[in-house]
Structures are given as structure tokens and as C-alpha cells.
Amino acid sequence: MTATANTTRAATSNVGALIRTGVAATVAASVATMAVAAVGHLAGISLELGGAPIPVTGFGVLTAVFSLIGVIIAGLLARFARRPRLTFVRTTVVLTALSVVPDVIADAGTATKALLMLTHLVAAAIVIPAVARRLAA
């Protein structure tokens with residue numbers, strides 16, 4: 001019975017560490033994407049998409065939403081995948097690549113499209129490695 005209790009405690013501890021790390025990385029990525037958008041805007045890059053302005057805080061909110069979805073994916077992979085880290089990294093790299101497709105076809109200038117794509121890559125560069133480190137190889 002002791003082994004079961006220790007195993008359960010270890011699994012709970014790992015999930016807790018995964019969630020804490022994922023939330024911290026999400027906050028960092030949200031702040032970073034807002035900073036990138038703000039610096040880009042200050043440099044003269046338009047934050048308009050299809051004629052509608054994108055608020056700088058919108059970058060942070062969407063980063064948080066999709067990063068937390070990534071943390072949920074990591075939690076599920078930790079539970080069900082045979083190789084959670086590898087599966088998480090492969091999955092999130094593909095999802096990151098797919099996330100820039102709307103930016104490429106967006107009704108915006110070239111500089112705006114590049115800025116949008118950069119924010120996706122910045123978020124991924126922060127969240128993916130942080131969360132992957134908490135998953136079993």
C-alpha cells in the first residue's frame with residue numbers, strides 16, 4: 001500500500017509541477033507577445049487586420065488561451081502517451097506551424113503579417129521547451 005501511495009503522490013506532484021510550469025510559461029509568453037506587438041507598433045508596424053485594429057492586450061489574451069490549451073494537451077499526453085515529451089514537442093511544433101497560416105493569408109501588410117508570425121514563434125519558443133522539460137522522455 002505504501003508503494004501505491006508514493007506512486008500516486010509522485011504522479012500528483014508531477015502534474016502539479018507541469019501545471020505550475022505551464023502557467024508560468026503562459027504568463028511569460030503573454031507578456032512577451034504583448035511586448036513584441038508594442039515594440040512593433042512603436043516601430044511603425046500597423047496592428048490592423050482587415051481594417052480593424054488589434055489591441056496589444058489581444059496578443060496577450062490569445063497567447064494565454066492557446067498556451068493553456070497546450071498545457072492541457074501536455075497533461076493528457078503525460079497521462080496517455082508512451083513518450084509524452086516527444087509527442088508534445090512534435091504536436092506543438094506542427095500546431096505552431098499551422099498557427100501562422102492565417103497570418104500568411106490575412107488581409108494585412110507584409111510587416112504586419114511578419115509581426116503576427118513573430119508573436120506566434122516567440123510564444124512557442126517560451127512555452128514549448130518549458131512544458132516539455134516537465135514531461136517524461
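No experiment lies behind these values; they were computed from the predicted model shown. (Residues numbered from 1 in each chain as written. Predicted model: local features only at pLDDT ≥ 70, side-chain atom pairs only at ≥ 80, totals over all residues. Heavy atoms only, no water.)

A. Up close: the side chain of T63. As for its placement among the helices and strands, T63 is situated in helix α2 (residues 56–80). Judged by relative accessible area, T63 falls into the buried class, the value being 11%. One polar contact links the side chain of T63 to the main-chain carbonyl oxygen of F59, over a distance of 2.6 Å. Among all residues touching T63, those that are not within four sequence positions of it are A29, S30, T33 and A123. (Helix = DSSP H or I, 4+ residues; strand = E, 2+ residues; numbered from the N terminus. Buried < 20%, exposed > 50% of the residue type's maximum accessible area, 1.4 Å probe, protein only. Polar contact = N/O pair within 3.5 Å; in protein donor to acceptor, adjacent residues only side chain to side chain. Contact = heavy atoms within 4.5 Å.)

B. Structural view of the environment of G40. Take G40: it is sitting in helix α1 (residues 2–42). For G40 and T112, which are 72 residues apart along the polypeptide, the C-alpha to C-alpha distance reads 8.6 Å. Once residues within four sequence positions are removed from consideration, G40 is found in contact with I45 and L115.

C. Spotlight on the confidence of the model for the chain. Model confidence for the chain is summarised by a mean pLDDT of 92, while 91% of its residues fall at 70 or above. Here α1 is the element of the chain with the lowest mean pLDDT, 82, and helix α5 (residues 110–132) is the one with the highest, 98. In this model, residues 5–10 is a region of pLDDT below 50 whose contacts with residues beyond four sequence positions or in other chains number zero contacts. (pLDDT = per-residue confidence, 0-100.)

D. Representation of the packing of α2 against α5 in the model. Two numbers describe how α2 lies on α5: the axes approach to 11 Å, and their chain directions differ by 35°. Pair α2 / α5 crosses with right-handed handedness. Residue-level contacts link F59, T63, S67, V71 and A74 of α2 to L116, T119, A123, V127 and V131 of α5. Split into classes, the residues belonging to the contact of α2 with α5 amount to seven nonpolar, three polar and no charged. (Axes fitted to C-alpha atoms, helices over the stretch in contact; angles between N-to-C directions. Left-handed = near helix turned anticlockwise from the far one by under 90°. Nonpolar A, V, L, I, M, F, W, Y, C, P; charged D, E, K, R; others polar.)

E. Just the packing of α2 against helix α3 (residues 84–99), in detail. Two numbers describe how α2 lies on α3: the axes approach to 9 Å, and their chain directions differ by 150°. When the axis of α2 is compared with that of α3, the two are roughly antiparallel. As α2 packs across α3, the resulting crossing turns out to be right-handed. Contacts from G70, I73, A74, L77 and A78 of α2 reach α3 at P84, T87, F88 and L95. Here the contact of α2 with α3 is composed, by residue class, of seven nonpolar, two polar and no charged. (Parallel < 35°, antiparallel > 145°, perpendicular 65-115°, else oblique.)

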